[in-house]
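# Close look at the chain arrangement
One-letter residues, chain by chain:
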Amino acid sequence: MIVKVVLPFSIRQHFKYIIPDFMRPIIGARILVPFNSKDVVGIIIDFYKTNSICQLNLKYAKSLIDTQSLYSPIVLDILIWISKNYHCPIGNLLFSVLPKCLRKTYVLQDMMIKWTITKKGQTLDLNFLKNRKKQLYALQTFRKTSILNSELKKYKLSKFILKKLENKKLCKIDVSNNCVLQDTCHMTMKKKFFLNKKILVIINNILNKKCFISCLLTNITLYNKTKFYLGLIKTVLFNGKQVLILVPYIKYINIIVMFLEKYFNISIYVCHAKLTNKQYFTVWWNIKNSKYSIVIGTNKSIFLPFLKLGLIIILEEHSLKYKNKNQYRYHIRDLGILIAYKTNIPVILDSNTPSLKTLYNILYKKKCLYISFNQYHTSDKYNYKIIDLKKDKIKFRLSLTLINSIYKNCKNKQVLLIFNKFSLLFYILTCNECAWIFTCFICQENIEINEYCNILFCKFCLIKLEKPKFCYSCGSLSLIIKNIHLEEVKNNIKNIFPNIPLFFLFNKNKICKNTLNQNPFKISLPNPYIIVTTEEIVENYYFPNVQLIGLICIDHYYFSFHFRSIEYFSQFYQNLDQLTRFKKESLTILIQTSLPDTLHFNKIYNNKYYDFADKLLSIRKNFLLPPWSCQSIIYAESIYSEDNIIFLNLMRKILEKKSYEYNIFLWFIGPYHSVDLKNKKKFCNQLLIECSSRVILNALLNISIDIINIFTISKRVKWFIDIEPN
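To start, this report covers the structure provided alongside it. (Residues numbered from 1 in each chain as written. Predicted model: local features only at pLDDT ≥ 70, side-chain atom pairs only at ≥ 80, totals over all residues. Heavy atoms only, no water.)

### Some remarks on the overall build of the protein
Our working definition: Only DSSP runs of H or I reaching four residues or more are called helices, and only runs of E reaching two or more are called strands; each is numbered from the N terminus. What the globule rule says is 2.2 Å times the number of residues to the power 0.38, and the radius of gyration is computed from C-alpha atoms. Note on classification: 1.4 Å probe, protein chains only; a residue is buried when its accessible area is under 20% of the maximum for its type, exposed when over 50%, partly exposed between these limits. Areas reported as accessible are Shrake-Rupley estimates using a 1.4 Å probe. Residue values count occlusion only from the protein chains shown.
Scanning the protein for helices and strands turns up 21 helices and 32 strands. Taken against the 2.2 N^0.38 rule, which gives 27 Å for 726 residues, the C-alpha radius of gyration of the protein at 30 Å falls within 12% of a compact globule. Judged by the C-alpha coordinates and their principal axes, the protein covers about 95 × 70 × 55 Å. Taking all 726 residues of the protein together, the buried fraction comes to 53%. Looking at the protein as shown, the accessible area adds up to about 36,300 Å², and 53% of this sits on carbon and sulfur atoms.

What follows is the structure, given as structure tokens:
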């Protein structure tokens, strides 16, 4: 018998090994095989029998590590599909979703040790152990239930105490491989709730079909949304199935857990990136054996080995956090829909500002259903004010109107200043001799310069200038491009507000514990205070005391390289009220812009997201932009920029030739320098490809990858493909 094995390396291929007759290989199990001069742990993905192996130049496998697959059949199919559809190394991908200890030769049998009570322990008089309280507690626990090694911490037991009971023949160890953990929890309700007829009808329409269905839940009041989810989860649990709730940020998990524990008397577990390796292994093992009925987690929880998954709920489905930023550029929302399709279960997409792709699937493709409660969810409008930067003076990116408003309100209110990441950390042109900095002649603010082109640009006055050849102060020709560091940003803001306490939230790892107020995601500071942060970080926390928010440099979304940037800003703005969910008072938002009369922004400010989305979809249709077409980007990294250009140009020529053969039109941009990827030691370049069909584009990419692997240039460049880039 010959097995196909993938290894934990960045290579897009599998290896064949001969299995001795006494071994029984299992797809999805680990195996120890020789590779070069070492023994490496691999995963079996396929095997087949052959009549003669004497003529094959193959090595023999050393040993089988597992007696059962580490993946559920659905998860294994999904991972293999990801490697083909997203063009990433299958070996690294399969190992990346496993607990860290299972990436080596750790044997799962240790987790299957089961401690049970003996006949002597059942009949023993408890007064015999009255002076040994820990042993007495352990014996009383054993009389109620048997305990696995993984549950010792849960019952507050130690192996040292259990060994003492074992020596007295009061308990014993069962190491049988058939010791599989079963669901011990029976579904009971702590608190009853009643559902109206509309909600019951919608729940029955979703679950009674017993097949795949994708639904969007939006424009609904919090009361009806709560009732709907409670009824839906209750029905799935009573059918003896598991529920997976996906969230983009860890801060949502504790709130959902506390809410569900009020109603359901059942085990609820969480899975997120901040779990230790041991904690994640325990979660993985318990879910594999169907212990927990409700799982709430972030991206990685989609790959847990569920046995009886009955419902998937994806909260904030529009969030960018669902897109993996590693070399495996898959989207968790798409994978959740695909898993639901393969297992014939419903998936609920929940968002007050659904992505344009989801709206496209509802309005034009009819792939997703819209859940309607015959009501209109009218959210309260923000108290916003537009600050026209062309009519106002500016002091380090802050207008005088905003500065005065902060001084007036800071006595009673806490202020949150949200900078755009790309506009906060920018490049300027300065003289190497006299340190003179080029500033705008209208607003006197530092003029930005793009790192890769010779154009000066003022984002406040919207003026473009060619890069000067000499310093206007001293006449020197030594002009350099300098990056504004965080320390300079902090010092400039401190000079503007010298008497007001400032809190800079630029690094999540350096937050003072006193500001968290017993909640790791709740920033609680004494008033008055000014919190300065960026959009990427602010979404990870709650700010209950903030009542005044300043949005700085939002014009970056209009001048961004990404055509989706306006869509992302509208979603961020509409969900600003979630930052202060502990506060009932309405927010006051001050918005700095040089484009105050833009039609898009006016719809966003007035909470007309769906009007804005409809307009944006029609514009994208006119220009054949996604979701009306499909885009992919090929990234290349190497020490020498010339190698990247050669590789990407070769890839472009192969794709062009194959597109002519199949009579398919492809549109290319590049290769050019990548703004998304930045590596100080390597050069990064990219090639953008657009096609009318994603299926056709993936087929052409697969053909081109097989061809380009023949050339040696593909070995000198580290490359990967981003399907549907953000």
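### A closer look at the sheet that holds strand β3 (residues 30-35)
For the record, the criterion: Two strands form a pair only when DSSP identifies at least two bridges running between them.
Ordered by their spatial adjacency, five strands build an open sheet running β2-β1-β4-β3-β5, and the pairing between neighbours is antiparallel. In this open sheet, the two edge strands, each paired with only one partner strand, are β2 (15-18) and β5 (63-64). Sheet analysis places β3 next to strand β4 (residues 38-48), joined by six bridges and oriented antiparallel. Residue pairing across strands places V33 opposite V40, the latter belonging to β4.

### Some thoughts on a positive patch on the surface
What counts here: Surface patches are drawn from residues lacking salt bridges whose relative accessible area is over 30%; two like charges belong together within 9 Å, two nonpolar side chains (Val, Leu, Ile, Met, Phe, Trp, Tyr) within 5 Å. Each salt bridge in this description consists of a side-chain nitrogen of Lys or Arg and a carboxyl oxygen of Asp or Glu lying within 4 Å of one another. Here the positive residues are Lys and Arg and the negative ones are Asp and Glu; neither His nor the chain ends is included. A charged residue contributes its charge at one atom only: NZ of Lys, CZ of Arg, CG of Asp or CD of Glu.
A cluster of basic side chains, namely K100, R103, K104 and K300, defines a positive patch on the protein surface. Of note, K100 is situated in the loop between α2 (90-96) and β6 (114-117). A relative accessible area of 48% places K100 in the partly exposed class.

### Looking at a nonpolar patch on the surface
A cluster of nonpolar residues, F665, W667, I669 and Y672, forms a patch on the protein surface that exposes about 420 Å² of accessible area. Among the residues examined, Y672 registers a relative accessible area of 31% and is labelled partly exposed.

### Things to note about the pattern of salt bridges
As enumerated under the stated definition, the model contains 16 salt bridges in all. Salt-bridge contacts for R30 lead to D66; the nearest nitrogen and oxygen are separated by 2.7 Å. Note that R30 is positioned in strand β3 and D66 in the loop between β5 and α1 (73-85), a separation of 36 residues in sequence. Comparing R30 with D66 shows no difference in burial state: the two are buried. Linking E724 and R694 is a salt bridge whose minimum nitrogen-to-oxygen distance equals 3.1 Å. You can see E724 sitting in the segment after β32 (718-723) and its partner R694 sitting in helix α20 (residues 694-708), a full 30 residues away along the chain. By relative accessible area, which is 23% here, R694 ends up partly exposed. Look at the salt bridges and you will find they share partners, linking E317, R333, D334, K357, R694 and E724 into a network.

### With respect to the side chain of S594
Selection rule: Whether two residues are in contact is decided by their heavy atoms, any of which lying within 4.5 Å being enough.
Mapping S594 onto the fold places it in the loop between β28 (588-593) and α17 (599-605). Here S594 falls in the buried class, since its relative accessible area comes to 2%. Excluding residues that lie within four positions of it along the chain, S594 makes contacts with D388, L389, K390, K459, F460, C461, L462 and D555.

### Side note on the packing of aromatic side chains
The criterion, for reference: In this analysis, rings of Phe, Tyr and Trp, with Trp reduced to its six-membered ring, are considered paired at centre separations within 6.5 Å, and the interplanar angle assigns stacked below 30 degrees, edge-to-face beyond 60, and tilted for intermediate values. Geometrically, a lysine NZ or arginine CZ counts as sitting over a ring once it is within 6 Å of the ring centre and also within 35 degrees of the ring normal.
With the rule as written, the count across this model stands at 26 aromatic pairs. Each member of the aromatic cluster is reached from another via a ring pair, and the members are W436, F438, F470 and Y472. Taking the ring centre of Y249 as reference, the NZ or CZ of K251 above it sits at 6.0 Å.

### Section: the sheet that holds strand β13 (residues 309-315)
Remark on secondary structure: sheet strands pair via backbone hydrogen bonds, oriented parallel or antiparallel. Selection criterion: Axis lines are fitted to C-alpha atoms, over the contacting stretch for helices. Their N-to-C directions set the angle, which ranges from 0 to 180 degrees.
Sheet architecture is open: seven strands sit in the order β11-β12-β10-β13-β14-β9-β15, paired in parallel fashion. Taken across any chain shown, the strands that pair with only one partner, and hence form the sheet edges, are β11 (268-271) and β15 (369-371). Geometrically, the sheet is characterised by an average inter-axis angle of 20° between neighbouring strands, direction not taken into account. Sheet topology note: the strand β9 (residues 213-217)/strand β14 (residues 346-350) ladder contains five bridges and is parallel. Residue pairing for β14: L217 is matched across the bridge by D350. Sheet strands touched by helix α7 (residues 222-238): β9, β10 (242-246), β12 (294-297), β13, β14 and β15. Its angle to β13, the strand with the most contacts, is close to 160°. Packing of helix α11 (residues 356-363) onto the sheet brings it into contact with β9, β14 and β15, and relative to β9 it is tilted by some 120°.

### Section: the packing of helix α6 (residues 197-207) against α7
Definition in use: Small angles under 35 degrees read as roughly parallel and large ones over 145 as roughly antiparallel, with 65 to 115 read as roughly perpendicular and the rest as oblique. In this scheme the handedness of a crossing depends on how the near helix is turned from the far one: anticlockwise by less than a right angle means left-handed, clockwise means right-handed. Side-chain classes are defined by residue name, with Ala, Val, Leu, Ile, Met, Phe, Trp, Tyr, Cys and Pro counting as nonpolar, Asp, Glu, Lys and Arg as charged, and the others, Gly among them, as polar.
At their nearest, the axes of α6 and α7 sit 10 Å apart, and the two run at 45° to each other. With respect to α7, the axis of α6 lies oblique. For α6 against α7, the interelement crossing comes out right-handed. Facing α6, whose interface residues are I199, I202, I203, I206 and L207, α7 presents N224, K227, F228, G231, L232, T235 and V236. In terms of residue class, the contact of α6 with α7 is made up of eight nonpolar, three polar and one charged.

### Quick notes on the pairing of β9
On a regular strand, one side chain projects to one face of the sheet and the next to the other, so that they alternate. Along β9, five of the five residues are buried, which leaves the element largely enclosed by surrounding structure. Side chains I213, C215 and L217 project from β9 onto one buried face, and the interleaved S214 and L216 project onto a second face that is buried too. Taken together, the three bridges between β9 and β15 define a ladder with parallel strand orientation. By the bridge assignment, L216 is partnered in β15 with Y370.

### As for the pairing of β32
In terms of burial, β32 is largely enclosed, as five of its six residues are buried. Here strand β29 (residues 630-638) pairs with β32 via six bridges, running antiparallel. Paired with Y635 across the two strands is F720, which belongs to β32.

### Comments concerning α11
Burial analysis of α11 places six of its eight residues in the buried class, which makes it a mostly covered element. The complete set of buried residues in α11 reads L356, T358, L359, Y360, N361 and I362. Elements that come into contact with the buried residues of α11 comprise β9, α10 (332-343), β14, β15, α16 (565-574) and α18 (609-622).

### Quick word on helix α14 (residues 486-496)
It helps to recall that an α-helix has 3.6 residues per turn; residues three or four apart then point in one direction. Here is the rule we go by: What the arc describes is the spread of directions from the helix axis to the C-beta atoms.
Those residues of α14 that fall on the buried side of the exposure criterion are V489, I493 and I496. End-on, the buried residues of α14 take up no more than an arc of 50°, which puts them together on one face. The outward face of α14, more than 90 degrees from its buried face, is lined by the exposed residues E487 and N495.

### Overview of the environment of V675
Among the structural elements, V675 can be located in the loop between β30 (667-673) and β31 (683-691). Between the C-alpha atoms of V675 and I713, which are 38 residues apart in sequence, the distance is 23 Å. Dropping the residues within four chain positions of it, V675 is found in contact with F561 and Q686.

### Some points on unusual backbone geometry
P627 follows P626 through a cis peptide bond whose omega is 10°. Within the secondary structure layout, P627 lies in the loop between α18 and β29. Geometrically, the link from G670 to P671 is a cis peptide bond, its omega value of 10° lying close to zero. Within the secondary structure, P671 sits in strand β30.

### A closer look at the environment of E316
Among the secondary structure elements, E316 is positioned in the loop between β13 and α10. Relative accessible area serves as the criterion here: at 15%, E316 is assigned to the buried category. The spacing of E316 and D597 is 281 residues in sequence and 29 Å in space, taken between C-alpha atoms. In this view, E316 contacts P248, Y252, Y322, D350, S351, N575 and Q578; residues no more than four positions away in its chain are not counted.

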